[in-house]
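Notes for the structure review
Chain by chain, the residues:
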Amino acid sequence: MAARPDYYKILGVGKNASEEEIKKAYRKLARQYNPDRNPGDAAAEERFKEVQTAYDLLSDPEKRRAFDTFGAAGTRASPGFGGVRVEDFDLGDLGDLFGSMFGGARRATRQPLRGDDLEARVRISFEDSLTGVQVRVPVEVDSVCSACHGTGAEPGTSPVVCPECGGRGVVSEAQGLFAFSQPCPRCHGNGSIVEKPCKRCRGSGRERTTKRFSVKIPPGAKAGTRIRLKGKGEAGRNGGPPGDLYVVVDVDPSRLFQRRGTDLVLDVPVTYAEAALGANVEIPTPDGPVSLKIPSGTESGKLLRVRGRGAPQIRGNGRGDLLARVKVTVPKKLSKAEREALEAYGKVSRENPRERVFSP
Ligand SMILES: [Zn+2]
Ligand SMILES: [Zn+2]
C-alpha cells in the first residue's frame, strides 16, 4: 500500500495545529506557489493544488477528524479492493475523498436539500365554500430535535466517526476488476455513529411538532381544491429551502345544491298543473330566494337557468349559474275535489302521450 499523503506535512504544521495555525500556513504557501506568480512552473502548480486540497480538508473540522482516524480504517478496508489500491481511486483528487468516488450517499447528505412538501386536509361547509373562509390548519412538521439540536446524540455526548467506514459513509467491495461502493451499513452513510442515542428523538435528530397555519380558502373552492402555501412545508436540510404546504379542501355536501363546475343544480318540484299551465315559483339560491318562471308546458327534468346565481369562479370575478331542474310531482293522495277535477280533465284531454313514442 502506497503511503497516504500527509496533509499536515504538506502544510508544514503539526498534528495538533490549531485552526488558526492551519489557516496561516495555508495562506503563506498559497501565496508562494500561486500559479500567477510562477507562470509555467508545473511543479509550483502541482504544489499549489496539494496545498489547496490539504487546506480544504484540514480546515473542515469534520473532515479533519475523519482524516485523523482514516488511516487505520483505510488499511482494514483496502483488501476489499482486490488488488486495486485504494489510492488509485480516491487520492488523485483529495477533495473526492468524501465526494463522488465514494458515492453519492456521503455527498447527498452534504448538499442543500429542499424540504419535503406537506399536505393537510381541511373540511369546510358548503356555504363557506361559496363565500370563502379563513381556517386554522394544524400541520405536523418535522423539525430539529429540541433536546439534541439535531445531532441524535444524548445531550452531553456527541456522535463519533464511524469505525466501519472511517467517516466516509460508504464501504467498497471488489467484484472482479471493479470495486463497488455502497452506503456503510453501520452508519447508513452518515459517516458518524451515535453511541448514546438521544432519548427524545431516539437518535433521529428530528421530532414532529404541530404548527398551526391560518389559511384563506377563496370563494368558489370545491372538494379537491389545493391551496399552496409557499415555504410552509418541511424545513430544508443543510441550508436548503423549505418545501411547500398544500392545503386540500373537503366540502360538506349541500342538502339543496349539487355542483357542476361553477354551476349549481337545484331540484325544483312542481305540480302537474304548474308544469302544464306555467307558474312563478319561489326557489332558494345561495344569495336568498328568487322567483323562477316555469313556462307553460315544461316537462319533468327540464333545466331552467338562473344566471349568475351559481358558485364564484375561484380565479376571476365571474359566477356560474343556478340550474333549476324541474321535477313534476304526482300526488299520492287525492281529495274528493281533486279526484273529480282530474277525472273531468281526463275526459276532455285530447293528449295521447304514447302516440309519439310508439308510432311506427
Ligand atoms: Zn434528539
Ligand atoms: Zn460508516
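Presented here is an overview of the structure given in this document. Treat the numbers as computed from the prediction; the structure is a model and nothing was measured.

A word on the coordination of the zinc ion (ligand 2). Coordination sphere of the zinc ion (ligand 2), protein contribution only: Cys 162 (SG), Cys 165 (SG), Cys 184 (SG) and Cys 187 (SG), at 2.2 to 2.3 Å. Taken together, the four donor atoms coordinating the zinc ion (ligand 2) span angles of 104 to 114° at the metal, a pattern that classifies the geometry as tetrahedral. Here the donor residues of the zinc ion (ligand 2) share one chain and are spaced in sequence as C-x2-C-x18-C-x2-C. Within this pair, whereas Cys 162 is found in the loop between strand E3 (160-161) and strand E4 (170-175), its partner Cys 187 is found in the loop between strand E5 (178-183) and strand E6 (192-193), the two being separated by 25 residues in sequence.

The next point concerns the coordination of the zinc ion (ligand 1). Looking at the metal site, the zinc ion (ligand 1) is ligated by Cys 145 (SG), Cys 148 (SG), Cys 198 (SG) and Cys 201 (SG), spaced 2.2 to 2.3 Å from it. Seen from the zinc ion (ligand 1), its four donor atoms lie at angles of 103 to 115°, and the figure they make is tetrahedral. Mapped onto the sequence, the donors of the zinc ion (ligand 1) take the spacing C-x2-C-x49-C-x2-C. Residue Cys 145 is located in the loop between strand E2 (133-144) and E3, and its partner Cys 201 is located in the loop between E6 and strand E7 (206-217); the two are separated by 56 residues in the primary sequence. For the pair Cys 145 and Cys 201, a shared accessibility class is recorded, and that class is buried.

The next point concerns the nonpolar core. Ranked by internal contacts, the top residues of the largest apolar core, which has 39 residues, are Val 215, Ile 217 and Ile 283. With five residues, E2 is the largest single contributor of residues to this core. The contacts of Ile 217, once residues within four sequence positions are left out, are Val 122, Ile 124, Gly 132, Val 133, Val 135, Ile 227 and Val 249.

Another point: the pairing of strand E12 (residues 279-283). Side chains of E12 alternate between two faces, with Ala 279, Val 281 and Ile 283 buried and Asn 280 and Glu 282 left unburied. Of the strand pairs in this sheet, E12 and strand E13 (residues 290-294) are connected by five bridges, and their pairing is antiparallel. Each residue of the ladder has a partner; that of Asn 280, found in E13, is Lys 293. Between E12 and the antiparallel strand that follows it, E13, lie six residues; Gly 288 among them carries a positive phi value of about 105°.

Positive phi, close to 55°, is recorded for His 188, a residue that is not glycine. Within the secondary structure, His 188 sits in the loop between E5 and E6. Although it is not a glycine, Arg 202 adopts a positive phi angle of roughly 55°. Mapping Arg 202 onto the fold places it in the loop between E6 and E7.

Aromatic ring pairs: the centre-centre distance and the angle between the two ring planes describe each pair. In this structure the tally under the stated criterion is three aromatic pairs. Judged by centre distance (4.0 Å) and plane angle (10°), the ring pair of Tyr 26 and Tyr 55 falls under stacked. You can see Tyr 26 sitting in helix H2 (residues 19-33) and its partner Tyr 55 sitting in helix H3 (residues 42-58), a full 29 residues away along the chain. There is no split in this pair, since Tyr 26 and Tyr 55 are both buried. Ring centres 6.0 Å apart and planes at 65° place the aromatic pair Tyr 272 and Tyr 345 in the edge-to-face group. Taken together, the positions of Tyr 272 in helix H8 (residues 272-277) and Tyr 345 in helix H9 (residues 336-348) put the pair 73 residues apart, joining distant regions of the chain. Across from the ring centre of Tyr 246, 4.3 Å away, lies the NZ or CZ of Arg 226, which sits over that ring.

Residues Lys 23, Arg 27, Arg 31 and Arg 37 make up a contiguous surface patch of positive charge. Inspection of the secondary structure puts Arg 37 in the loop between H2 and H3.

Attention now goes to the sheet that holds strand E14 (residues 303-306). An order of E10-E11-E15-E14 is seen for the four strands of this open sheet, with the pairing classed as mixed. The sheet is open, and its two borders are formed by strand E10 (257-260) and E14, each paired with just one other strand. Sheet twist, expressed as the average angle between the axes of neighbouring strands with direction ignored, equals 30°. Direction of pairing for E10 relative to strand E11 (residues 263-270): antiparallel, over a ladder of four bridges. Residue pairing for E11: Phe 257 is matched across the bridge by Leu 266.

Thresholds, definitions, all that
- Residues numbered from 1 in each chain as written.
- Chains lettered and ligands numbered in written order.
- Predicted model: local features only at pLDDT ≥ 70, side-chain atom pairs only at ≥ 80, totals over all residues.
- Heavy atoms only, no water.
- Donors = N, O, S within 2.8 Å, 3.2 Å for Na, K, Ca; no water.
- Tetrahedral: all angles 85-135°; square planar, octahedral: opposite > 155°, others 65-115°.
- Helix = DSSP H or I, 4+ residues; strand = E, 2+ residues; numbered from the N terminus.
- Buried < 20%, exposed > 50% of the residue type's maximum accessible area, 1.4 Å probe, protein only.
- Core = buried A, V, L, I, M, F, W, Y, C linked by side-chain atoms within 4.5 Å.
- Contact = heavy atoms within 4.5 Å.
- Pairing = 2+ DSSP bridges.
- Phe/Tyr/Trp six-rings, centres within 6.5 Å; stacked < 30°, edge-to-face > 60°.
- Lys NZ or Arg CZ within 6 Å of the ring centre and 35° of its normal.
- Patch = residues over 30% accessible without salt bridge, like charges linked within 9 Å, V, L, I, M, F, W, Y side chains within 5 Å.
- Areas by Shrake-Rupley, 256 points an atom, 1.4 Å probe, with all protein chains shown as cover.
- Salt bridge = Lys/Arg side-chain N within 4 Å of Asp/Glu carboxyl O.
- Lys, Arg positive; Asp, Glu negative; His and termini not counted.
- Charge placed at Lys NZ, Arg CZ, Asp CG, Glu CD.
- Axes fitted to C-alpha atoms, helices over the stretch in contact; angles between N-to-C directions.

All we've got here are geometric facts, nothing functional implied.
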